[in-house]
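Structural characterization, general
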Amino acid sequence: YFYIFRALDEDRKTKYKAAVKIQRWFRACRVRAYLRHLSNMVILIQKWWRGYLRRKNFREIVERAYFIKKLKFYNEMAVRIQKMWRGYYVRKYIHNFYALKKYLKAISVNNKLVRSELQKYAEMKENEEKMKDLEKKEKKQKYQARKMHYLLSTEQIPGIYNSPFRKSPDPMELLLRKSKPLPHRKQQVKNPSADELYAWPTCKKPPAFVTALPLLPADRQKPQGPFRDPVEVLWQRYKPLEPTLRVRESMYSPLAEAREARSREERRSPIHDNEFLPFSSYHKNYEKYEPSLCKSGKYGQEAYGTKYFREVYPKKWIADKDFETLFSSIVLFEKFGKTYSSTGQIV
C-alpha cells in the first residue's frame, strides 16, 4: 500500500501544480486584458479631449484671422475714402486746375517773349563779333598796306597788284593808294655809362665809388612829385671819399703811439678828484655818499653784506615809540556786505 499511496500523492501534487499554472495564466490574461481595456479607454478619452482643444483653438484662430481681414478691409476703404477726399480738396482749394492752367499759359507766353529777346540779343552779339572781326581784318589789311606801300604802282612801272592784263586794278592796289607808308624806326644807341649807372637798382653789380658822374640819358624824365633832381641825388649817393686828418696821418707815428698809450692808462686807472655829494644835504654834517656796497676802501674791497638794506637808525627817529603800521578801522568798511533798510540804516 505504501507504493500506491506514494503514487497517488505524486499524482495529486502534479495535478495541483497544473491547476495552479492554469489559474496563474488565466488570471494574468484577465489582468492584461483589463489593463489593455483601460489603456484603450485612456487613449480614447485623450483623443476626444485633444480634438476638442484643437477645434477650439482653430475656431479662435479663424475668428482672429477673420477680424484682421475685416480690419484690413476697413482700413483700405478708409484710405481710399481719404485719398479721394484729399485729391478733391487739393484740386479744388490748393492746386486749382484752372488757376494752374492759367499760370502755365502765362509762363508759356513769358517764355516766348524771353526766347525772342534772347534770340535778338544773340543776333546782336553775333553781329558785334562779326563787326569786330571785320574791323580787325580791315585794320590788319591797312597795316599790311602801310607796310607794303613800296609795292604801289607808279606811272612808269605798274605794281604787282596793278597788272596790265587785268581789266581793273586789285582792291589791294586801291588800299595802297589810300594808305600812308610806315615811318622809319630810329635806332637806339646804348650809352655804356648809363648802363653802369643804372645797374645798381637791380643789384647786379656792387655800387662803385666814382669820381666823375656820367651824364643822364636824354629820354629819362624827372619823376613826378616833390623830389630832388636825379643828377643831384646820384651825385650825393656816389660822391668821392674825403679822408680826415686822422686817416691821412700814419697809425705808427709817435703822436699816435703817445695818444694810444695815454688812453690805455686812463682806462686802467681812472682818477676822480671830486666825489659825488648830494646837493640837498651838502651843507649838513652827514656822512659822505656811498656809491656802492662793494666799494674799494683803504684796506681793500669790503665784503658784500657789511651793511643791510633795511638797517635801522634809532637816532633819526622823531618819537621814542616805533612806527605803527596798523590803522584804525573805517566805519564804512564795517557795513560792507550787510543788509540795509529802505532808510539806509543797518537792520
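Residues numbered from 1 in each chain as written. Predicted model: local features only at pLDDT ≥ 70, side-chain atom pairs only at ≥ 80, totals over all residues. Heavy atoms only, no water.

Right, let's talk about the overall build of the chain for a bit. A count of helical and extended segments in the chain gives 8 helices and 2 strands. Counting helices and strands in the order they occur from the N terminus, the chain gives α-α-α-α-α-α-α-β-β-α. Total accessible area on the chain is roughly 35500 Å²; 60% of this is exposed by carbon and sulfur atoms. (Helix = DSSP H or I, 4+ residues; strand = E, 2+ residues; numbered from the N terminus. Areas by Shrake-Rupley, 256 points an atom, 1.4 Å probe, with all protein chains shown as cover.)

The next point concerns the UniProt feature "coiled-coil region" (unreviewed entry) in the chain. Residues given the UniProt feature "coiled-coil region" (unreviewed entry) here are residues 117–144. Structurally, residues 117–144 comprises 100% helix and 0% strand, and the distance from its first C-alpha atom to its last is 40 Å. (UniProt positions renumbered as here; feature names shortened; annotations may be inferred.)

Turning to the pattern of salt bridges, a few remarks are in order. Per the counting criterion, the structure on display carries 10 salt bridges. Notably, a salt bridge pairs Arg262 with Glu266, separated by 3.6 Å at the nearest N-O pair. Remark: Glu266 and Arg262 occur in helix H7 (residues 254–268); sequence separation between them is 4 residues, near one turn of the helix. A relative accessible area of 59% places Arg262 in the exposed class. Residue classification places Glu266 among the partly exposed positions, given a relative accessible area of 49%. (Salt bridge = Lys/Arg side-chain N within 4 Å of Asp/Glu carboxyl O. Buried < 20%, exposed > 50% of the residue type's maximum accessible area, 1.4 Å probe, protein only.)

Right, let's get into the side chain of Ser179. Within the secondary structure, Ser179 is located in the loop between helix H3 (171–178) and helix H4 (192–197). Side-chain polar atoms of Ser179 contact the backbone oxygen of Leu176, separated by 3.4 Å. Excluding its chain neighbours within four sequence positions, the residues that come into contact with Ser179 are Ala145, Arg146 and His149. (Polar contact = N/O pair within 3.5 Å; in protein donor to acceptor, adjacent residues only side chain to side chain. Contact = heavy atoms within 4.5 Å.)

Before going further, it helps to spend a moment on a nonpolar patch on the surface. A cluster of nonpolar residues, Trp85, Tyr88, Tyr89, Tyr93 and Ile94, forms a patch on the protein surface that exposes about 580 Å² of accessible area. Considering the arrangement of structural elements, one finds Tyr88 in helix H1 (residues 2–94). With relative accessibility at 36%, the residue Tyr88 sits in the partly exposed group. (Patch = residues over 30% accessible without salt bridge, like charges linked within 9 Å, V, L, I, M, F, W, Y side chains within 5 Å.)

The next thing to look at is the packing of aromatic side chains. Overall, the coordinates contain 6 aromatic pairs when judged by the stated rule. On the numbers, 5.5 Å between centres and 35° between planes, the contact of Trp49 with Tyr52 is tilted. Here Trp49 and its partner Tyr52 are both found in helix H1, 3 residues apart, which amounts to about one turn of the helix. A ring pair is formed by Trp85 and Tyr89, whose centres lie 6.3 Å apart and whose planes are at 35°; its orientation type is tilted. Of this pair, Trp85 and Tyr89 both sit in helix H1, 4 residues apart, which is roughly one turn of that helix. Residue Trp85 is classed as exposed on the basis of its relative accessible area of 52%. Under the relative-accessibility criterion, Tyr89 is labelled partly exposed at 38%. Here the aromatic cluster, defined as three or more aromatic residues joined through ring pairs, consists of Trp85, Tyr88, Tyr89 and Tyr93. (Phe/Tyr/Trp six-rings, centres within 6.5 Å; stacked < 30°, edge-to-face > 60°.)

Here the focus is the nonpolar core. Burial of nonpolar side chains together is a common tendency in soluble globular proteins. Ala145, Met148, Leu151, Met172, Leu175 and Leu176 form the largest nonpolar core, which has 6 residues in total. In terms of residue count, H3 provides more of this core than any other element does, 3 residues in total. Excluding residues within four positions of it along the chain, Ala145 makes contact with Met172, Leu175, Leu176 and Ser179. (Core = buried A, V, L, I, M, F, W, Y, C linked by side-chain atoms within 4.5 Å.)

With 63% of its residues at a pLDDT of at least 70, the chain reaches an overall mean of 76. Confidence over residues 192–204 falls short of pLDDT 50; this stretch has 17 contacts with residues more than four positions distant or in other chains. Every residue in residues 340–344 is under pLDDT 50, and counting partners more than four places away or in other chains gives 5 contacts. (pLDDT = per-residue confidence, 0-100.)

Assessed through its relative accessible area of 14%, Ser179 is described here as buried. For the pair Ser179 and Lys147, spaced 32 residues apart in the sequence, the C-alpha separation amounts to 9.5 Å.

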